[in-house]
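Spelled out, the chains give:
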Amino acid sequence: MKSSSDVTRSVSARAPRPASAQAPRSASARAPRPALARRSVLALAAAGLTATMLAAPAPAQAEPMGVAAKLPAPTGPHRIGTVSTRLVDTSRRDPWVKSVPYRELMISVWYPAAGGTDGASAAATHRLAPYMAPGAAERWNAMSPHGIPKDAIDFAAMRTHAREGAPADRSGGRRPVLLYASGANDPRTWGTSAVEELASHGYVVVTIDHTYESPGVQFPDGSVKGDAPLRKVLEETGQSEMPALLKKVLDVRVADSKFVLDRLGSLPNGLSGVVDRRRVGMFGQSAGGIAAAETMYEDRRVTAGLNMDGTLENNPEPNGTNLTPVARHGLTRPFLLMGSQGNDRTTEPSWRAFWSHSTGWKRNLTVRGSKHQTYTDLSALLPQAGVGREVVEEHIGTVEPDRAVAAERAYATAFFDRWLRGRDNHLLDGPSGKYPEVEFAG
């Protein structure tokens, strides 16, 4: 068995590959560490987890010094509300801390909020929700996430466009519901720009933190659960044992997602009366995209899914082995693959397998000049962090950040509108002059 330092070196010290050879990976390098190779790890894998978690610094008790960065405003017609809540699954022990006889999660629910008189009242009585809880923000900042220097952004001071606890808009009847899963060792907030966009277009979106994998999950009692238990497992795992560990991490994510699906009938703030549990989709970036595909394969409640740059195999580097069940068997229901530049069904072995076995509607898009983290809030936040152009290009590519955000939002909305609402704007039919950076690979 290799030591933790050997494992870390084996998955993080490789030289970067050309963009054309890069494959989806699980998590990006954390500055100020040396640049890491673009890896495809089950998305939970050795890349994201070992490279970032084994060396994860302890949060410093210091006053925030960064800017309160802003996310782009959502473009849909609806105001947005949000609530967060703790869910407890008493049917299983925690997979990472065996002494805990249950599995607890934190979720946030984003939804169309009431307009008119009720909306005006909500704006006066419900504050704009923070981007992250203070304890979670402290852990995230300490990691210098994805090229954002420590203390460059005050994540706790950031505000979203959603009102905390605002009354839901019930005028449109029951609404389709989406689950969102973030990448490996990333918080559930790391896709807020896309989540808010979809909520503003009429969706109820549930974001999930995977306890003991996320760097810091703050619960209502103020406690913060970090990733130390999973880091300890990684330290004790040899390279030959990594595929089995990666499979376990994926299995835990899928089990968490199924449990959240079970609880859609008991959401807070009366939202269970708003969601339509017959119209469910799931999407995510990197590890979250893998979890979306695998959850959809295992649970037919998920009607449509979107994977943003997550490989579908349990390896530190993609080689077409240790494929996930969804890659081996495919799907019969609609699924969209969105890859970074050079990553598509012809270059990524697990995507090629998935494509050949899937009989349902499918599309594969890439964004020219993009990188793995382009499909996260990094596209909006890194340019506000006081870094140079070379840092921006290293982490989110040469695509203009605002164009990347607009493309991700537009195609995600078009996909779910088509398959959960029966509204086809034909954006997915072929290349569009409105989004020239988006290329069709299938």
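Residues numbered from 1 in each chain as written. Predicted model: local features only at pLDDT ≥ 70, side-chain atom pairs only at ≥ 80, totals over all residues. Heavy atoms only, no water.

J.: Give me the lowdown on the packing of helix α5 (residues 192-200) against helix α13 (residues 401-420), citing residues and values where you can.
T.: With their axes 10 Å apart at the nearest point, α5 and α13 run at an angle of 45° to one another. As summarised for this structure, α5 and α13 are arranged oblique, according to the angle between their axes. Between α5 and α13 the crossing geometry is right-handed. Of the residues in α13, those touching α5 at S193, A194, E197 and L198 are V405, E408, R409, A412, T413 and F416. In terms of residue class, the contact of α5 with α13 is made up of five nonpolar, two polar and three charged. (Axes fitted to C-alpha atoms, helices over the stretch in contact; angles between N-to-C directions. Helix = DSSP H or I, 4+ residues; strand = E, 2+ residues; numbered from the N terminus. Parallel < 35°, antiparallel > 145°, perpendicular 65-115°, else oblique. Left-handed = near helix turned anticlockwise from the far one by under 90°. Contact = heavy atoms within 4.5 Å. Nonpolar A, V, L, I, M, F, W, Y, C, P; charged D, E, K, R; others polar.)

J.: Describe the packing of helix α7 (residues 242-262) against helix α8 (residues 287-298), listing the residues and the values that go with them.
T.: Look at α7 against α8: their axes get within 9 Å of each other, and the N-to-C directions meet at 65°. As α7 runs across α8, the sense of the crossing is right-handed. Side by side, α7 and α8 meet where L250, R253, V254, S257, K258 and L261 of the first sit next to A287, G288, I290, A291, E294, T295 and E298 of the second. Residue composition of the contact of α7 with α8, grouped by class: six nonpolar, three polar and four charged.

J.: Would you mind going over the layout of surface pockets in detail, with residue names and values included?
T.: Approximately 420 Å³ is the volume attributed to the largest pocket. Lining the largest pocket are 26 residues, and of these S84, S108, M132, A133 and R188 sit closest to its centre. Every element with two or more residues in the lining of the largest pocket is listed here: β1 (79-89), β2 (103-113), β3 (128-130), α4 (134-142), β6 (204-209) and β7 (216-218). Considering every element that reaches the lining of the largest pocket, the biggest residue donor is β1, with four residues. (1 Å grid on protein atoms, 1.4 Å probe; cavity = no way out; pocket = protein on both sides within 12 Å on 5 of 7 lines; lining within 4 Å. Points joined across faces, edges and corners; volume = space filled by probe spheres on them.)

J.: Give a detailed account of the nonpolar core, specifying residues and quantitative values.
T.: One finds I107, V109, Y111, V206, V260, L271 and L312 to be the most contacted residues of the largest nonpolar core, which totals 44 residues. With residues near it in sequence (within four places) discarded, V206 still touches I107, S108, V109, V177, L178, L179, Y180, V260 and L264. (Core = buried A, V, L, I, M, F, W, Y, C linked by side-chain atoms within 4.5 Å. Buried < 20%, exposed > 50% of the residue type's maximum accessible area, 1.4 Å probe, protein only.)

J.: Provide a residue-level description of the side chain of D227, including the pertinent values.
T.: Locating D227 in the fold gives a position in the loop between β8 (224-226) and α6 (228-235). In this structure the side chain of D227 is engaged in a polar contact, spanning 3.2 Å, whose partner is the side chain of N185. (Polar contact = N/O pair within 3.5 Å; in protein donor to acceptor, adjacent residues only side chain to side chain.)

J.: For α5, give the residues involved together with the corresponding values.
T.: α5 sits mainly inside the fold: nine of its nine residues count as buried. Those residues of α5 that sit buried are T192, S193, A194, V195, E196, E197, L198, A199 and S200. Of the residues flanking the end of α5, it is G202, one or two places downstream, whose phi is positive at about 105°.

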